[in-house]
Amino acid sequence: MKAAPFAYVRPADLDDVLDELSGGDGKVLAGGQSLVPVLAMRLGRPATLVDVTAVEELHGYGASAGGLRIGAAVRQRTVERSAEARAVPLLGLALPFVGHRELRSRGTVCGSLAHADPAAELPAVACCVGAKIEVAGPGGRRTLGAREFFVGAMTTAVTPEDVVVAAEFPVAAPGEGFGFAEIARRHGDFALAGVATAVTVAEDGTVTDARLTGFGISDRPAFREVTDLVRAAADADDVERELRGGAAELAAELVDTGGDTHGSTGYRRRLFSVLAARELAKALRRARGSRASGRP
Amino acid sequence: MTQLDDRTGSTADTDARASHRPRPRPRAEKIPAGELAEVSMTVNGAEVTVSVPARVHLADVLREHLGLTGTHLGCEHGVCGMCTVLVDGDAARACLLFAVQCDGAEIVTVEGLGTAEEQHPLQQAFSAHHGLQCGFCTPGMLMSSYDLLANPPGETEEELPEQMSGVLCRCTGYRGILAAVSDVAQAYPDGPPAPGNCGARTLVGRGGGRGPAGSADDEGVETGPALPTEVRIPVGAPSASVSVTSALSSPIDDVWPVLEDFDQLARCLPGAQLVEVLGDDRYRGRATIALGPVKLSFEGLAQVVEHDRDDHRMKVIAQGADASGSATQAVITLAAVPDEGSEGGTRLQADAELYLSGRIAQFGRALAGDVSRRMFEQFADAVDETARTGTAPEVGSGPSPVAIAAAALRDAVGRRLRSARARIREAVRRRRERR
């Protein structure tokens, strides 16, 4: 399990990073927690690894106009520990599920987005809250919405000559509530099915927005707006039970992964529908709590 | 949302710590594939610099280049957690980090956590709760649990199984491990004591650092240094210390010239051979040790660093590496005084501090010390004979390594028997008390 030989460079400037990536046979290395196993198994043999962790700009982390801005070199554990992350509750709910503590010590938030594993948590969070991802390339910089960023299994709108600069997660406002859950064989394993949810209630208590993103169930995060579904169930005594029918229909529509030894398609549908109903109900409850307290 | 609140509590000091964490210096010059890069880092408090290709991961550097074989390798792709070490204070997988990424980083391995004499509280707790059986996962478990308890948000009893799920154990069923971590968490609510065995020390690589990582498929690429021409001064606690006093029948004026003549001195050392005189009191030599099936041949360098003719004291530093992956350094002090107890005799005092790494270190320190002690005893006899007869005994007729091994083994067995007898006596005594 030794990586094949590669050249290595750790530039100080983003322009130098782009120079090294031009030609398309280089690969960006940030935390390496997804990339290095691929290299160790020799599933990938890039000619050059371009370590971006010496680029000062990519260590930027904190509130910005568009929300919480997380630079490409910022580690998952830094975010997990920080007070700033409270502004994006869904990140706090999802991060403990990302690999293990030992992997989050080195792994980066943006790296998880750029790697785009279909079973990964952070791409689902990004889609659910509508995060924006800033990409630098030979043609300059561009900003992509998370829902157009992920184009397939481990495939994003980032070309081999591009580098992710930062991701911006919108901060939560009063009246918003969130839910997150996944089922994996063991903690830290790839999720068999998982869901991130967000619900917004108005001051009069009506549901104005509800969305959900499933992961581990398709080749990319599966996003749906489900405001009508949640609004219709919102006044029931048992919201979760009321949501189950709709969640099962969503599962039939969204879960299109083939079965494997860990679970058939049908089993994953079942997992997804249960998790979706549960976490939407939880998000609604939290949204109401947030509305009542006036704090996000 | 409570989960989030729990996890982001008391972050002020953590943020400060996080921002102080060193970021890697830029390395603007590209390291071509297969070529060596110099990487400097701090390992268990010691500054080290290694020369490795970019694809060599940190765990291989620790094990092969620095002789720190406490960091184990299992899956080598980040799943099993055997190679967990602390990097800048946080637990990380040493197999998922290329050494070049660790430029300027501070690494702590299980060797830095505690010593055999003064174990870290986590090590004591693992021992007390039987948190290990085969021991393969233990270094990873220790470093992971240290990180858990030392870094906020800390752990809760309820979360402990999930928090400790990053390292796999196939023996214990985890119960003893969780009990040990829980114990230390309760005993040290503000975090466990810092690693207790970090400081400047000598790290000797295995077989000159030509590990499998460097030689897997780029033949001819030297990953380690060539045979050195200067001795390095070892620092830190030695693996074993030996002190042997021998009564020689020859007078001191006959004994000391033998020790001053490195050719004769080498002939008196069992298994040693002087290969080349390099000048400046430096000598290249070879030493073979054969202990039953164990056969080691050390190529090395010795240098007389202190020599007081009037006081009959001499200090020699020797270092050697074996092709099979063992390395050793020794600081040897020889001192002779007239023996007051016997007319015209000499007392020869030999003190040695041994620094072992690689396979020889796994040999068990007691045995290594025993072997050295026997060597010095036979050395003293040979010096005495040389002083008496004027000629050094032939290398071939010198003390047999097999005899050394047998004597050392007798010592070891005797010691074990004595300690077993003591344990039995203690158990009997306790049982009687209970009645």
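Residues numbered from 1 in each chain as written. Chains lettered and ligands numbered in written order. Predicted model: local features only at pLDDT ≥ 70, side-chain atom pairs only at ≥ 80, totals over all residues. Heavy atoms only, no water.

Asker: Explain a nonpolar patch on the surface to me, and be specific about the residues and the numbers.
Answerer: On the surface, a cluster of nonpolar side chains totalling about 300 Å² of accessible area is made up of M1(A), M41(A) and L43(A). As for its placement among the helices and strands, M41(A) is situated in the loop between α2 (35–40) and β3 (48–51). (Patch = residues over 30% accessible without salt bridge, like charges linked within 9 Å, V, L, I, M, F, W, Y side chains within 5 Å. Areas by Shrake-Rupley, 256 points an atom, 1.4 Å probe, with all protein chains shown as cover. Salt bridge = Lys/Arg side-chain N within 4 Å of Asp/Glu carboxyl O. Helix = DSSP H or I, 4+ residues; strand = E, 2+ residues; numbered from the N terminus.)

Asker: Which residues make up the pattern of salt bridges, and what are the values?
Answerer: Pairing between side chains of opposite charge can happen when their charged atoms approach one another. Within the structure shown, the criterion is met by 33 salt bridges over all chains. Residue D147(B) pairs with R101(A) through a salt bridge whose shortest N-O separation is 2.5 Å. Note that D147(B) is positioned in helix α6 (residues 138–150) and R101(A) in helix α5 (residues 101–104), a pairing that runs across two chains. Of the residues examined, R101(A) reaches a relative accessible area of 5% and is grouped as buried. For E306(B), the salt bridge identified is with K315(B), shortest N-O distance 3.8 Å. The network of salt bridges with shared partners includes R77(A), R81(A), R101(A), E102(A), D90(B) and D147(B). (Buried < 20%, exposed > 50% of the residue type's maximum accessible area, 1.4 Å probe, protein only.)

Asker: How would you sum up the environment of V255(B)? Please name residues and give values.
Answerer: All names here are of chain B. Structurally, V255 can be placed in helix α10 (residues 252–260). Residue classification places V255 among the buried positions, given a relative accessible area of 0%. Placed 91 residues apart in sequence, V255 and T346 show a C-alpha to C-alpha distance of 7.7 Å. Discounting chain neighbours no more than four positions away, the residues touching V255 are L248, S250, T346, V383 and A387. (Contact = heavy atoms within 4.5 Å.)

Asker: Give a description of the sheet that holds strand β6 (residues 106–108) of chain B that names residues and reports values.
Answerer: All names here are of chain B. Taken together, the five strands give an open sheet; going across it, the order is β3-β2-β6-β4-β5, and neighbouring strands pair in mixed fashion. Looking at strand neighbours, the two that pair on one side only are β3 (46–53) and β5 (90–93), the edges of this open sheet. Strand after strand, the sheet turns through a mean of 45 degrees between neighbouring axes, direction not considered. When strand β4 (residues 84–87) meets β6, the two strands line up antiparallel, connected through two bridges. The residue bridging V87 from the neighbouring strand is I107, located in β6. Seen against the sheet, helix α3 (residues 58–65) touches β2 (36–43), β3, β4 and β6 and runs at an angle of roughly 110 degrees to β3. (Pairing = 2+ DSSP bridges. Axes fitted to C-alpha atoms, helices over the stretch in contact; angles between N-to-C directions.)

Asker: Requested: an account of helix α10 (residues 239–254) of chain A, with residues and values cited.
Answerer: Residue and element names in this part refer to chain A. Relative to the 22 Å expected for 16 residues at 1.5 Å per residue, α10 spans 22 Å between its end C-alpha atoms, a close match to the ideal helical length. Taking the largest bend as the criterion, α10 deviates by roughly 40 degrees, centred on G245. Put simply, D238 is the residue that caps the front of α10, since its side-chain oxygen is 3.3 Å from the backbone nitrogen of E240. (Expected span 1.5 Å × (residues − 1). Bend = angle between axes of the 7 residues up to and from the residue. Polar contact = N/O pair within 3.5 Å; in protein donor to acceptor, adjacent residues only side chain to side chain.)

Asker: Would you mind going over empty space enclosed by the protein in detail, with residue names and values included?
Answerer: Evaluated as defined, the whole model comprises eight cavities of 30 Å³ or more. Size it by volume and the largest cavity reaches roughly 810 Å³. Lining the largest cavity are 40 residues, with L269(B), A287(B), A318(B), I332(B) and M375(B) sitting closest to its centre. Taken together, the elements giving at least two residues each to the lining of the largest cavity come down to α11 (262–268), β8 (272–279), β9 (282–291), β10 (294–308), β11 (313–322), β12 (326–338), β13 (346–358) and α13 (365–389) of chain B. Of the residues contributing to the lining of the largest cavity, the split by class is 30 nonpolar, eight polar and two charged. Reported here for the second largest cavity is a volume of approximately 100 Å³. Lining of the second largest cavity is provided by twelve residues; of these, R77(A), E80(A), R101(A), P152(B) and P153(B) occupy positions nearest its centre. Put simply, the parts of the chain that give the lining of the second largest cavity at least two residues each are α3 (76–81) and α5 of chain A. When residues of the lining of the second largest cavity are assigned to their parent elements, the largest contribution, three residues, is made by α3(A). In the lining of the second largest cavity, the residues fall into three nonpolar, three polar and six charged. (1 Å grid on protein atoms, 1.4 Å probe; cavity = no way out; pocket = protein on both sides within 12 Å on 5 of 7 lines; lining within 4 Å. Points joined across faces, edges and corners; volume = space filled by probe spheres on them. Nonpolar A, V, L, I, M, F, W, Y, C, P; charged D, E, K, R; others polar.)

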